[in-house]
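Topology and contacts: notes
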Amino acid sequence: MTRAHRHFSPLQRWLHWSMAVAMLAMLFIGVIMVSTLSQAHTLLIALHRPLGILILALVLVRIIVRVTRGSPPLPDSVPSLQQTAAKASHILLYALMLIMPLIGWAMVSAGGYPVTLFGAYHLPPLVSTDARLFALLRALHTWLAFALFALVIGHLAAALMHGLIRRDGVFSSMARGR
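Since the model is a prediction, treat every value here as computed from it, not as a measurement.

One pass over the structure, following the stated rule, counts 2 aromatic pairs. Pairing Trp 143 with Phe 146 gives two aromatic rings, centres 5.5 Å apart and planes at 65 degrees, and the pair type is edge-to-face. You can see Trp 143 and its partner Phe 146 sitting in helix 4 (residues 131-166), 3 residues apart, about one turn around the helix. Assessed through its relative accessible area of 49%, Phe 146 is described here as partly exposed.

Glancing now at the environment of Leu 123. Relative to the helices and strands, Leu 123 resides in strand 2 (residues 121-123). Judged by relative accessible area, Leu 123 falls into the buried class, the value being 14%. When the C-alpha positions of Leu 123 and Leu 58 are compared, they lie 17 Å apart, and in sequence the two are 65 residues distant.

Glancing now at the nonpolar core. What tends to happen in soluble globular proteins is that the nonpolar side chains get buried as a cluster. With 34 residues, the main nonpolar core has Met 19, Met 23, Ile 55, Met 97 and Leu 148 as its most contacted residues. The element contributing the most residues to this core is helix 3 (residues 80-110), with 11 residues. Once residues lying within four places of it in the same chain are set aside, the contact partners of Leu 148 are Met 23, Leu 93, Leu 96 and Met 100.

According to UniProt, the feature "transmembrane region" (unreviewed entry) maps to residues 14-37, 43-65, 91-123 and 143-165 in the numbering used here. As a span, residues 14-37 carries 88% helix and 0% strand, and end to end its C-alpha atoms are 35 Å apart. Structurally, residues 43-65 is divided into 100% helix and 0% strand, and its ends, taken at the C-alpha atoms, are 33 Å apart.

To continue, consider the pairing of strand 1 (residues 115-118). As paired elements, strand 1 and strand 2 share 3 bridges and run antiparallel to each other. The residue of strand 2 that forms the bridge with Phe 118 is Tyr 121. Where strand 1 folds back on strand 2, the antiparallel hairpin that results is connected by 2 residues, among which Gly 119 adopts a positive phi of roughly 55 degrees.

Thresholds applied
Residues numbered from 1 in each chain as written. Predicted model: local features only at pLDDT ≥ 70, side-chain atom pairs only at ≥ 80, totals over all residues. Heavy atoms only, no water. Phe/Tyr/Trp six-rings, centres within 6.5 Å; stacked < 30°, edge-to-face > 60°. Helix = DSSP H or I, 4+ residues; strand = E, 2+ residues; numbered from the N terminus. Buried < 20%, exposed > 50% of the residue type's maximum accessible area, 1.4 Å probe, protein only. Core = buried A, V, L, I, M, F, W, Y, C linked by side-chain atoms within 4.5 Å. Contact = heavy atoms within 4.5 Å. UniProt positions renumbered as here; feature names shortened; annotations may be inferred. Pairing = 2+ DSSP bridges.

So, in structure tokens, the structure goes:
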């Protein structure tokens, strides 16, 4: 971070909120997708795969922006243990936002299925077809989705605590900026 600032940049806020919507949609689509065998299943898969790739692209941009722009410091009133937890949870969130789409892409590749973005445009497979690898990656994708969901809930709870209880500017730095 080259300079101290009190708010996230407009680009950072746009990336954050765009990804929040995309990730919540992805989590719900994923849950419904694996729990139905109706005709909706095909539509949900057709939404899930390109949405995962969009999230992967956005998180790569977000990481670059975060490294170059940094983030506002937490107020001094936030205890050091909470500051450490906030930093650790953000690292885990970024890691899961990056890893989940890659594992999903590899899982689909191992299953011998294409990752269709739109129309006839497919991404190349990340790994060769392998039923055992598919099963392993599917289980990993599922468990990491649960971990991501738990982190998102914790992130939301912390944001609400800062916005509604502490009112210390942490929430407003991402919600509305200046």
